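Chain and residue survey
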Amino acid sequence: MKQLPIGIPIVTSLAAFILVLLALLAGSRPGFMENYDVISFNTSALGQDVILRQNKDPDEPTPTSGTLCDKLDGILGRTCSSATAAIDSLQSDIADVINDVGNEIADELADRLGIHEFYSLHALTICEGDFTPNATAPGADRNVTECHKGFTNGYNISAMLDRGLQLGPYRLTLNDLGFTDDMQDAIDTLNTVLKAFTALLIVAVGFTGLSLLASVAALFLIPRRERGTVLTNLILASAALLFLILSGLIGTIGGHIAAQKANEKGKEIGLSATPGKGFVIVTWVAVGLMFIVFGYWLWQLLRHKNGKTMRVKRGKARDSEESGVVDPDRPDMRSFSGVRFSRTRRG
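Quick caveat, the model's predicted, so the values are computed rather than measured.

A word on the pairing of strand β3 (residues 125-132). Each regular strand shows side chains that alternate between the opposite faces of the sheet. β3 sits mainly inside the fold: 7 of its 8 residues count as buried. Summarising the sheet, strand β2 (residues 118-121) and β3 pair through 4 bridges and their orientation is antiparallel. Bridge assignment links S120 to a residue of β3, and that residue is C127. Hairpin remark: β2 followed by β3, antiparallel, with 3 residues in the connecting loop. Direction of pairing for β3 relative to strand β4 (residues 141-149): antiparallel, over a ladder of 8 bridges. Bridging across to β4, T132 finds its partner in D141.

Right, dumping it as structure tokens:
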């Protein structure tokens, strides 16, 4: 089989290193790869149901004037029924107006409460900001205003929301909006998962970079120590691939489970979450690239065990000696052993 060029692991490991490094640094500053988050929380409707419940008291008794009208006969009964229908229609219109006001308030609710409309969790940071043109517009974009350290300070999104609410004009807390202990437990679990994911991703970046350097060094080391060079590259590629797969699984599965729980438990208070998609694509493309690197060095190790080498630039004669194959075009010097050559003099 024809020898594969050593440029394959160099190029693929370089591409994998760039991708995994971008996945790690996404969100490191406002606006940098904002859509490559692990999970994002939409808080634009947080507390909307509380306002609507305050506008419409469920304990308020519904008037039952129909019974009174039934007792009246003739023109008085018909007049009473018409008046009751008009009152019911007016109450319905008022309810619609209250609902419209509630929806308009919900669009600006986050600003009035003192919090932002979204919080996106990246590998190293938590970014916050507002939607443009507004939270209810289809396909609204994110306008990031600030990013905070997440890996070192924790990814406790509830603490950030609670602090913003307490500093807001109404000085509320998450408990005032119906935030339960089950929701806090889910946030705490997400915090632990994200820290484990980021730690694995950092290690994956390191091993991917080492695999890239080892592939470049193989250009110079293979003519001297082929077996050791191939084995070292295989170990580094295996480690990079392993940590990339682990970080990808934790980030992908953990983000989806956390978003599902947030949507399930936060629906009543207007809290929703969406798992990241761009991050998933970048991570698993890097996994595929490192799998190519791993496969290349594994193939080279198997070739070496079968007596084949990677020294393709040493000449045809040298290769034939190492492989044990006699070149028919090359004269056998052993046939000249024992032959004596005499020097002739010219007269």
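So that's the structure; there's more coming.
What follows concerns a negative patch on the surface. Among the surface-exposed residues, D181, D182, D185 and D188 lie close enough to one another that they form a single negatively charged patch. Here D182 lies in helix α7 (residues 181-221).

Scanning all chains against the criterion turns up 1 disulfide. Residue C127 pairs covalently with C147 via a disulfide, S to S 2.1 Å. Residues C127 and C147 share a disulfide whose torsion about the S-S bond is about 100°; that sign makes it right-handed. Residue C127 is found in strand β3, and its partner C147 is found in strand β4; the two are separated by 20 residues along the sequence. Neither residue differs from the other here; C127 and C147 are each classed as buried.

It is worth spelling out the sheet that holds β2 at this point. Strand order in this open sheet of 5 strands is β4-β3-β2-β1-β5, and the pairing throughout is antiparallel. Each end of this open sheet is capped by a strand with a single partner; those strands are β4 and β5 (272-275). The sheet shows a mean angle of 25° between the axes of neighbouring strands, direction not considered. Relative to the sheet, helix α8 (residues 226-265) contacts β1 (39-42) and β5, its axis offset from that of β5 by approximately 165°.

Quick notes on the rules
Residues numbered from 1 in each chain as written. Predicted model: local features only at pLDDT ≥ 70, side-chain atom pairs only at ≥ 80, totals over all residues. Heavy atoms only, no water. Buried < 20%, exposed > 50% of the residue type's maximum accessible area, 1.4 Å probe, protein only. Helix = DSSP H or I, 4+ residues; strand = E, 2+ residues; numbered from the N terminus. Pairing = 2+ DSSP bridges. Patch = residues over 30% accessible without salt bridge, like charges linked within 9 Å, V, L, I, M, F, W, Y side chains within 5 Å. Areas by Shrake-Rupley, 256 points an atom, 1.4 Å probe, with all protein chains shown as cover. Salt bridge = Lys/Arg side-chain N within 4 Å of Asp/Glu carboxyl O. Lys, Arg positive; Asp, Glu negative; His and termini not counted. Charge placed at Lys NZ, Arg CZ, Asp CG, Glu CD. Disulfide = S-S within 2.5 Å. Axes fitted to C-alpha atoms, helices over the stretch in contact; angles between N-to-C directions. Contact = heavy atoms within 4.5 Å.

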